[in-house]
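# Observations on the three-dimensional arrangement
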Amino acid sequence: MSGLNRSSDGLDPRRKRILFRSWHRGTKEMDLLLGGFVEAWIADLADAELDRLEHLMNAEDADLLDWLTGRKPVPAEYDTDIFRAVSDFHSPDKAPN
């Protein structure tokens, strides 16, 4: 089970590739964290945001998990609007009412 609920229909090839990669990370925790965010936002991200998302997705799963859970500080090169959007997406205090 991938967890994927959104169809890739209507997405350009780059977005389809990012959506697939986000749900096939290698660890279930990162599949859920990145996949859930990408599934919700992939159609709305601008090209520059996709660039930063792909850069973030190139980080190791263990590192990403440590940064997202606050166990380790986020290196400056990854501390972008996209990282903060992924973090906020899963933050209970930032969830919609």
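Below is a short write-up of the structure. It should be emphasised that the depicted structure is a prediction, and the values quoted were computed from it without experimental measurement. Along each chain, residues carry numbers from 1 onward, in the same order as the chain's sequence is written. The model is predicted, so local features are restricted to residues of pLDDT at least 70 and side-chain atom pairs to those at 80 or more, both for listing and for counting; the totals for chains, interfaces and linings are taken over all residues. Excluding hydrogens and water, the side-chain figures rest on all heavy atoms present in the structure.

Moving on to the packing of helix α2 (residues 28–41) against helix α5 (residues 81–89). Note on method: axes are straight lines fitted to C-alpha atoms, helices fitted across the in-contact stretch only, with angles between N-to-C directions ranging 0 to 180 degrees. A helix here means a DSSP run of H or I that spans at least four residues, while a strand means a run of E at least two residues long, and both kinds are numbered starting from the N terminus. As a packed pair, α2 and α5 sit with axes 10 Å apart at the nearest point and diverge in direction by 100 degrees. One element, α2, and the other, α5, form an angle in the roughly perpendicular class. Judged by residue contacts, Leu33, Leu34, Gly36, Phe37, Ala40 and Trp41 of α2 engage Ala85, Val86 and Phe89 from α5. Side-chain classes follow a simple rule in which Ala, Val, Leu, Ile, Met, Phe, Trp, Tyr, Cys and Pro form the nonpolar group, Asp, Glu, Lys and Arg form the charged group, and the remainder, Gly included, forms the polar group. A breakdown of the residues in the contact of α2 with α5 according to their chemical character gives eight nonpolar, one polar and no charged. Each angle gets one of four labels, with under 35 degrees taken as roughly parallel, over 145 as roughly antiparallel, 65 to 115 as roughly perpendicular, and the rest as oblique. Two residues qualify as a contact provided that any one of their heavy atoms is within 4.5 Å of a heavy atom in the partner residue.

So, on to helix α4 (residues 61–69). Residue exposure (1.4 Å probe, protein chains only): buried if accessible area is under 20% of the type maximum, exposed if over 50%, otherwise partly exposed. Looking at α4, one finds that the buried residues are Asp61, Leu64, Leu65, Asp66, Trp67 and Leu68. Looking at the buried residues of α4, the elements they touch are α2, α3 (47–57) and α5. Backbone geometry just downstream of α4 places Gly70 in the positive-phi region, at approximately 80 degrees.

Our focus in this paragraph is the pattern of salt bridges. What counts as a salt bridge is simple: a side-chain nitrogen of Lys or Arg found within 4 Å of a carboxyl oxygen of Asp or Glu. Applying the stated criterion across every chain, the model contains eight salt bridges. Across the pair Arg25 and Asp61 runs a salt bridge whose closest N-O atoms are separated by 2.6 Å. Taken together, the residues Arg25 in the loop between α1 (13–23) and α2 and Asp61 in helix α4 connect sequence positions 36 residues apart. Here the two residues Arg25 and Asp61 agree in accessibility, since each one is buried. Three or more residues are tied together by salt bridges with common partners; here these are Arg14, Asp51 and Glu54.

Everything listed here is a matter of coordinates, which is why it stays silent on function.
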